[in-house]
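Notes for the structure review
Below, each chain spelled out in residue letters.
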Amino acid sequence: MQSSACLLLAVHGEIPPFDAAIFADTGWEPAAVYAHLTRLKSIATAARIPVIRVSAGNIRRDALNPAHRFASMPLFTLGPAGERGMARHQCTNEYKIRPIKAEVRRRLGYPHPKRVPAGLVAEMAIGISVEEIHRARDADVAYMRNVFPLLDLGWRRDDCLAYLERHGVTGVGKSSCVGCPYHDDGFWSRLKTDSPAEWVDAVTFDAAIRHGCAGAAPAGQPLRGRFFLHRQRVPLEQVVLRPRDMADETPGCGPWTCPHTDNGTAGERIEPAGVRDAP
């Protein structure tokens, strides 16, 4: 929602225009997100702002491919003796941050491994509203400078929603993988009711990673313990869903510092003894 508001503000000339808008596609977003992206692309193209889709691959397919290097997902873990924890979180960096940086370097004219000259900088307008101000940080590379138009305007999430609706953009969902372990029960309940095919997809993936994703452990050293998409640590189809707020205002997956690990909603970060994570 916040990123969409930023793009629309630029389209209507209320903030400086963009040379491009970049969407990092994990390959496993809900269908509604791809439909919204198509709508935004049409709006932005009319204002001569290209929407660029970058990708490091399909995270779901890669996780189940034994030949693919494993980028650890924040799966909930249950060790042999009942130890509870979470696997390390590497997917945002590999499937969102790195592809965006690669595109920025390409547009600057210095793709890896070329060195970007000192002083050549891309200004990155990031959609972070006042509620998420703790996520507003400087870039970790010299060739990018982060700016936050919504913070400059003092906008909150509700301001973004109202602005989008005034311009006829409604039903904006969150960008996140269908099978992200950070989903709350509100998301899972809606997915099960409104998108049964995607629910089955998540259930199937959950079963497939029960003993670790393909490629997660060195050859001859299988993972011990079990892995789950839901914090109850039972098969997803058996989870007793308790949606406290079906409005589901928890943030989606953002490339510029994870909203979940930063604001504490992940809850558990200790890996259980005996459960080996990716190197």
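Residues numbered from 1 in each chain as written. Predicted model: local features only at pLDDT ≥ 70, side-chain atom pairs only at ≥ 80, totals over all residues. Heavy atoms only, no water.

**What about helix H1 (residues 2–11)?**
Where burial is concerned, most of H1 is hidden: eight out of the ten residues are buried. Within H1, burial applies to Gln2, Ser4, Ala5, Cys6, Leu7, Leu8, Leu9 and Ala10. Structurally, H1 contributes buried residues whose contacts are with strand S1 (21–24), helix H2 (31–46), helix H5 (149–153) and helix H6 (157–166). (Buried < 20%, exposed > 50% of the residue type's maximum accessible area, 1.4 Å probe, protein only. Helix = DSSP H or I, 4+ residues; strand = E, 2+ residues; numbered from the N terminus. Contact = heavy atoms within 4.5 Å.)

**Observations regarding the sheet that holds strand S3 (residues 76–78)**
Sheets are built from strands paired through backbone hydrogen bonds, the pairs being either parallel or antiparallel. Read from one edge to the other, the open sheet built from three strands follows the order S4-S3-S7, with strand pairing classed as antiparallel. A strand with exactly one partner marks an edge of an open sheet, and here the two such strands are strand S4 (84–86) and strand S7 (226–228). On average, each strand axis in the sheet is tilted by 30° relative to the strand beside it, whichever way the strands run. In the sheet, S3 pairs with S4 via three bridges, with the strands oriented antiparallel. In the sheet register, Thr77 faces S4, and the bridge partner there is Gly85. (Pairing = 2+ DSSP bridges. Axes fitted to C-alpha atoms, helices over the stretch in contact; angles between N-to-C directions.)

**Looking at the environment of Phe148**
Here Phe148 shows up in the loop between strand S6 (144–147) and H5. The exposure class of Phe148 is buried, given its relative accessible area of 13%. Phe148 sits 23 residues away from Ala125 along the chain, and the two C-alpha atoms are 5.6 Å apart. Every residue in contact with Phe148, bar those within four places of it in the chain, is listed here: Ile126, Ile128, Ala136 and Arg137.

**What to know about the nonpolar core**
Ranked by internal contacts, the top residues of the largest apolar core, which has 29 residues, are Ile59, Met73, Leu75, Trp188, Leu191, Phe205 and Leu236. Going through the elements one at a time, helix H3 (59–63), helix H4 (91–108), helix H7 (185–194) and helix H8 (196–208) are the ones with two or more residues in this core. Beyond its immediate sequence surroundings of up to four residues, Leu236 is in contact with Trp188, Trp199, Ala202, Val203, Asp206, Leu229 and His230. Within the second largest apolar cluster, 25 residues are counted, among which are Met1, Phe23, Leu37 and Ala44. (Core = buried A, V, L, I, M, F, W, Y, C linked by side-chain atoms within 4.5 Å.)

**A word on the packing of H1 against H2**
Where H1 meets H2, the closest approach of the two axes is 10 Å, and the angle between their N-to-C directions is 15°. As judged from the angle between their axes, H1 and H2 are roughly parallel. Here the hand of the crossing between H1 and H2 comes out left-handed. From H1, Ser4, Leu7, Leu8 and Val11 reach across to H2, where they touch His36, Leu40, Ile43 and Ala44. Among the residues forming the contact of H1 with H2, the class breakdown is six nonpolar, two polar and no charged. (Parallel < 35°, antiparallel > 145°, perpendicular 65-115°, else oblique. Left-handed = near helix turned anticlockwise from the far one by under 90°. Nonpolar A, V, L, I, M, F, W, Y, C, P; charged D, E, K, R; others polar.)

**Examining the confidence of the model for the protein**
The predicted model of the protein averages 87 in pLDDT, with 85% of residues at 70 or higher. Counting contacts from residues 262–279, a segment whose pLDDT is below 50, to residues more than four positions away or on other chains yields 65 contacts. (pLDDT = per-residue confidence, 0-100.)

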